[in-house]
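# Structure at a glance
So you can see what is in the structure, the chains are spelled out below.
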Amino acid sequence: MSSNITLPISKFVTSVKNIQAGAIYSRDWAPLHSDQDWAINKGNLPNIIMNNYTLNGLVIKYVTDLYGDATRIGKVSFKIKKPICPNETLEFHGSIISEDKVSEELSFLNINLDIKISDQIVSSAKIITGVNLTEKKLNSPWKIDSKTWKSYIDEVTTKKS
Amino acid sequence: MQAELPKEITKLIGKISFEDSSPILVQKGLWQNFCSAIEDSNPIYWNESEAIKHANELIAHPALLPSWTHDFEWHPNRKKVLPMQLHFHLKEVLNLPLGIVTEVEIEYYEPIKNGDEISSNQKLLSISEPVTTKLGNGRYWVIEVTYFNQREIIVGKQNMHFLGYKK
């Protein structure tokens, strides 16, 4: 079912510490994410920059913060348009593009997300996620076996394209 | 233009060319530190009594899936294995010393849990004709990475789009 519902905006303030920690705890040792001296003097960058995993983590957090702990992410795709440095306020602007109900307690949402700094889009993401939009909480999407789950993702992806 | 590609590269298209084994078991301490960095309070990563309602136990943050195959920065007995070896191989063979990720697509099939062992393989899906970009001259390529757990179940798949270039 096609829709275009604007979702609430959320914010995240970057810092040297959270960009470094995001890189180190995702076992990404590239110096452009954790070594300011290297990033500025050898990487020709304004500062260290956020790595893919941290950005993806924030995209997933945006969705699970909205729909709760039973939310199961199926697919995330994103493009990085500008590097994300410390001391920036990221704004997450999401909208639901379509909703597909596969059972009483499971719907798949297609969400488009723009991540902005001062009104400039620095990254765009598309997310396919399973959510339970009912009051009943008996069957968490996490209990679906991987084969069935993959078939749902394939089906939603095919419809989308 | 595709014919200009070295045979060494064309023969890689569509075939698994590199494999990574798990250098470290999935650990909740690592994923909880990551969640702390991004201020993600979802109880399925933190609280066993809440997580049990969904998946019988805590679940690792999905964004970390590729990171479980990254080698240690330093190891006492061996040299570090670079992540995305296929990407570095392409850069070397094509004499394109610089590379950036332009797009990432990742699908999650199976929840990752404490103690899992994740391995992966890499396949070159496509490589473009030569391009001229603001950064320099090079080529785009797409590498598919498939991730497995210790039971050989596919837990996720990632397509990484790269630009390899030189100034």
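Heads up: these notes are all about the structure in this document.

Taken together, the contacts link 32 residues of chain B with 32 residues of chain A. When residues of the side of chain B that touches chain A are traced back to their parent elements, those giving at least two are helix H2 (28-38), helix H3 (43-46), helix H4 (48-55) and strand S2 (98-108) of chain B. Per-element accounting of the side of chain B that touches chain A gives the leading share, eight residues, to S2 of chain B. Considered class by class, the residues forming the side of chain B that touches chain A number 17 nonpolar, seven polar and eight charged.

This paragraph deals with the packing of helix H3 (residues 52-67) of chain A against H2 of chain B. Two elements in contact, H3 of chain A and H2 of chain B, have axes whose closest approach is 10 Å; the angle formed by their N-to-C orientations is 75 degrees. The angle between the axes of H3 of chain A and H2 of chain B places the two elements in the roughly perpendicular class. Side by side, H3 of chain A and H2 of chain B meet where Thr54, Gly57, Leu58 and Lys61 of chain A of the first sit next to Phe34, Ala37 and Ile38 of chain B of the second. Residue classes in the contact of H3 of chain A with H2 of chain B are distributed as four nonpolar, two polar and one charged.

This part takes up the packing of helix H1 (residues 16-25) of chain A against H3 of chain A. Residues and elements named next belong to chain A. Interaxial distance between H1 and H3 falls to 8 Å at its minimum, and their mutual angle equals 105 degrees. The orientation of H1 with respect to H3, classified from their angle, is roughly perpendicular. Of the residues in H3, those in contact with Ile19, Gly22 and Ala23 of H1 are Tyr53, Thr54 and Gly57. For the contact of H1 with H3, the per-class residue count stands at three nonpolar, three polar and no charged.

Conventions adopted
- Residues numbered from 1 in each chain as written.
- Chains lettered and ligands numbered in written order.
- Predicted model: local features only at pLDDT ≥ 70, side-chain atom pairs only at ≥ 80, totals over all residues.
- Contact = placed C-beta atoms within 7 Å.
- Helix = DSSP H or I, 4+ residues; strand = E, 2+ residues; numbered from the N terminus.
- Nonpolar A, V, L, I, M, F, W, Y, C, P; charged D, E, K, R; others polar.
- Axes fitted to C-alpha atoms, helices over the stretch in contact; angles between N-to-C directions.
- Parallel < 35°, antiparallel > 145°, perpendicular 65-115°, else oblique.

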